[in-house]
Amino acid sequence: MPREPPIVLPVLLPLLRHANPWALLLAREEGYPLNTAALLSERYALKSDEKPFARELLERKRNLWLFRCDQRRFAGDFVVVDMSEPRPARRRVVVLDLKMGAPLVLGGGGAGIQLTHARDAVAGVAARGLITPDTPHVLATGDKDVMLAWLRG
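Thresholds applied
One numbering rule holds for all chains: residues counted from 1, following each sequence as written. Where local features are concerned, this predicted model is filtered to residues with pLDDT of at least 70; where side-chain atom pairs are given and counted, the filter is 80 or more; whole-chain, interface and lining totals use all residues. Hydrogens and waters are ignored; side-chain quantities use all the structure's heavy atoms. Strands here mean DSSP runs of E at least two residues long; helices mean DSSP runs of H or I at least four residues long; both are numbered from the N terminus. Accessibility here uses a 1.4 Å probe with only protein chains present; expressed as a share of the type maximum, an area under 20% marks a residue as buried, one over 50% as exposed, and anything in between as partly exposed. Any two residues whose heavy atoms approach within 4.5 Å are treated as being in contact. Each pair of strands is called paired provided DSSP finds at least two bridges between the two strands. Angles here are taken between N-to-C directions and fall from 0 to 180 degrees, while the axes themselves are lines fitted to C-alpha atoms, restricted in helices to the stretch in contact. Nonpolar core, defined: a set of buried Ala, Val, Leu, Ile, Met, Phe, Trp, Tyr and Cys residues in which side-chain atoms within 4.5 Å join the residues together. Orientation labels follow simple angle bins: below 35 degrees gives roughly parallel, above 145 gives roughly antiparallel, 65 to 115 gives roughly perpendicular, and whatever is left gives oblique. Two helices cross in a left-handed way if the nearer one is turned anticlockwise from the farther one by less than a right angle. They cross in a right-handed way if the turn is clockwise. Polarity classes work like this: nonpolar for Ala, Val, Leu, Ile, Met, Phe, Trp, Tyr, Cys and Pro, charged for Asp, Glu, Lys and Arg, and polar for all others, with Gly in that last group.

*Asks:* Mind showing me how you'd approach the side chain of Asp97 here?
*Replies:* Tracing the sequence through the fold places Asp97 in strand 4 (residues 93-98). The exposure class assigned to Asp97 is buried, which follows from its relative accessible area of 1%. Setting aside residues up to four positions removed in sequence, Asp97 forms contacts with Gly76, Asp77, Ala111, Gln114, Leu115, Ala140, Thr141, Gly142 and Met147.

*Asks:* Explain the sheet that holds strand 3 (residues 78-82) to me, please; I cannot follow it from the model alone.
*Replies:* The strands that make up a sheet are held in pairs by hydrogen bonds between backbone atoms, and each pair lies either parallel or antiparallel. Read from one edge to the other, the open sheet built from six strands follows the order 1-2-3-4-6-5, with strand pairing classed as mixed. In the strand order of this sheet, the two ends are held by strand 1 (8-11) and strand 5 (105-106), each with one partner. Note: strand 1 against strand 2 (residues 64-69), four bridges, orientation antiparallel. By the bridge assignment for strand 2, Pro10 is matched with Phe67. Along the sheet, helix 1 (residues 21-28) makes contact with strand 1 and strand 2, crossing strand 1 at roughly 115°.

*Asks:* When you look at the nonpolar core in this model, what are you seeing that I'm missing?
*Replies:* The nonpolar side chains of a soluble globular protein tend to be buried with one another. In terms of nonpolar packing, the biggest core is built from 27 residues, with Phe53, Leu66, Leu96 and Leu151 touching the most fellow members. Among all residues touching Leu151, those that are not within four sequence positions of it are Phe53, Leu57, Lys61, Leu64, Val80, Arg92, Val94 and Leu96. By size, the runner-up hydrophobic cluster in this structure holds 19 residues, among which are Ile7, Ala118, Ala121 and Ala126.

*Asks:* What exactly am I supposed to notice about unusual backbone geometry here?
*Replies:* Most peptide bonds take the trans configuration, and most residues that are not glycine carry a negative phi. Residue Ser48 is not a glycine yet carries a positive backbone phi of 40°. By the secondary structure assignment, Ser48 is in the loop between helix 2 (34-40) and helix 3 (50-60). In this structure, Phe74 is a non-glycine residue whose phi angle is positive, near 50°. Among the structural elements, Phe74 can be located in the loop between strand 2 and strand 3.

*Asks:* Could you clarify how one ought to interpret helix 4 (residues 118-126) in this entry?
*Replies:* Each α-helix turn comprises 3.6 residues. Residues three or four places apart therefore point the same way. Those residues of helix 4 that sit buried are Ala118, Ala121, Val122, Gly124, Val125 and Ala126. Elements that come into contact with the buried residues of helix 4 comprise strand 1, strand 2, strand 3, strand 4 and strand 6 (138-142).

*Asks:* What's the story with the packing of helix 3 against helix 5 (residues 144-152) in this structure? I'm lost.
*Replies:* Working note: a packed helix pair is described by the angle between its axes plus the distance between those axes. The geometry of helix 3 relative to helix 5 is characterised by a closest axis approach of 10 Å and an angle of 20° between their N-to-C directions. Relative to helix 5, helix 3 is oriented roughly parallel. By crossing handedness, the relation of helix 3 to helix 5 is classed as right-handed. Residues Pro52, Phe53, Glu56, Leu57 and Arg60 of helix 3 touch helix 5, and the partners they reach there are Lys144, Met147, Leu148, Leu151 and Arg152. In the contact of helix 3 with helix 5, the residues fall into six nonpolar, no polar and four charged.

Structure (structure tokens):
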């Protein structure tokens with residue numbers, strides 16, 4: 001039986017130069033054969049303002065690490081981890097869903113079912129050792145620019 005792909009994949013600035021960075025990550029880091037990785041990569045594809053959001057956030061806030069969520073798993077668009085806190089249990093974690101033209105809403109309002117499994121995405125980051133499984137997280141929705149301003153603040 002084929003294994004489920006990871007719920008989150010790290011977003012790194014150099015990877016954003018590639019048309020399909022997810023296939024590279026799935027093959028290199030997760031051990032999928034290239035043909036399978038290419039098929040699975042569509043789950044992580046960046047749409048509309050998601051790629052500019054990722055690029056701007058990573059260029060301007062080096063302390064924030066970004067993870068792309070599997071879009072079929074209803075876990076949001078991204079998980080953001082503030083790595084400036086040395087203790088994993090105390091790191092700030094945000095699971096966000098971008099909504100074009102929308103105001104910032106904390107708590108997950110406005111996301112519909114898109115943040116239903118946000119806790120699973122947080123667990124996926126915790127499995128990488130960057131946070132603990134019980135690290136608190138905030139749910140946020142909003143437009144790219146509103147979200148960037150809030151995360152920079």
